[in-house]
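Coordinates in review
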Amino acid sequence: MLDSTDVVRIWQQAGNPTPVARLSFYAEALTAHCPIGACRTLNDAQEDRALLAMFRVDRPHATIPSLHQMPPLALSGYHQLLHELARQGLGPSDGLHAQISGFGHLPEIAPRQGVAIQALNGDEP
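Below or above, wherever it landed, is the structure these notes cover. (Residues numbered from 1 in each chain as written. Predicted model: local features only at pLDDT ≥ 70, side-chain atom pairs only at ≥ 80, totals over all residues. Heavy atoms only, no water.)

Turning next to the nonpolar core. One recurring pattern in soluble globular proteins: nonpolar side chains tend to sit buried together. One finds Trp11, Tyr26, Leu30, Met54, Phe55, Tyr78 and Leu85 to be the most contacted residues of the largest nonpolar core, which totals 27 residues. Of all elements in the fold, only α1 (4-13), α2 (20-33), α3 (44-58), α4 (64-68) and α5 (72-87) reach the threshold of two or more residues within this core. When residues in this core are grouped by element, the largest group, six residues, is from α3. The contact partners of Leu30, leaving out residues within four places of it in the chain, are Trp11, Ile36, Ala50, Ala53, Met54, Leu82 and Leu85. (Core = buried A, V, L, I, M, F, W, Y, C linked by side-chain atoms within 4.5 Å. Buried < 20%, exposed > 50% of the residue type's maximum accessible area, 1.4 Å probe, protein only. Helix = DSSP H or I, 4+ residues; strand = E, 2+ residues; numbered from the N terminus. Contact = heavy atoms within 4.5 Å.)

This structure, assessed with the given rule, holds two salt bridges. Residues Asp6 and Arg9 are paired through a salt bridge, measuring 3.1 Å at the closest nitrogen-oxygen approach. Taken together, the residues Asp6 and Arg9, both in helix α1 and three residues apart, mark about one turn of the helix. (Salt bridge = Lys/Arg side-chain N within 4 Å of Asp/Glu carboxyl O.)

Here the focus is the layout of surface pockets. Within this model, the largest pocket holds a volume of roughly 190 Å³. Cys39, Arg40, Thr41, Leu42, Glu47, His79, Leu82, His83, Ala86, Leu90, Gly91 and Pro92 are the residues that line the largest pocket. Secondary-structure elements contributing two or more residues to the lining of the largest pocket are α5 and β2 (90-92). Class assignment for the residues of the lining of the largest pocket results in six nonpolar, four polar and two charged. (1 Å grid on protein atoms, 1.4 Å probe; cavity = no way out; pocket = protein on both sides within 12 Å on 5 of 7 lines; lining within 4 Å. Points joined across faces, edges and corners; volume = space filled by probe spheres on them. Nonpolar A, V, L, I, M, F, W, Y, C, P; charged D, E, K, R; others polar.)

Regarding α1, the residues found buried are Ser4, Val7, Val8, Ile10 and Trp11. The arc enclosing the buried residues of α1, seen along the axis, measures out at 160 degrees, which places them on a common side. Of the surrounding elements, those touching the buried residues of α1 are α2, β1 (36-38), α3, α5 and β2. Structurally, the start of α1 carries an N-cap: the backbone nitrogen of Thr5 is 3.1 Å from a side-chain oxygen of Asp3. Two residues or fewer after α1 comes Gly15, characterised by a positive phi angle close to 90 degrees. (Arc of directions from axis to C-beta. Polar contact = N/O pair within 3.5 Å; in protein donor to acceptor, adjacent residues only side chain to side chain.)

Below, the structure written as structure tokens:
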């Protein structure tokens, strides 16, 4: 599995124009809940959880229902990050915490950026 530094490096090599500091936040959020390994097809719920992990960097109280209400263009940057990983044969792996086992919070990054991740099943806080 890749760590957040590896993910940032891949995004940079793909030419992503987002500043490294910002990419680091997205990578930490994604890798904290979605181990990154060999690319595989995600079902809709798994893709939603991966997108929501990154989306919550910018909107800490977002839920699956609020994610679904966003215009597609507003989510395109997050989709692009996943596609850049996929082009390298990587993506969220089978370890995606579909059982909500570890989704109470992001202990590694929450104190630094104020991200409070509730269960990623769409429940409101």
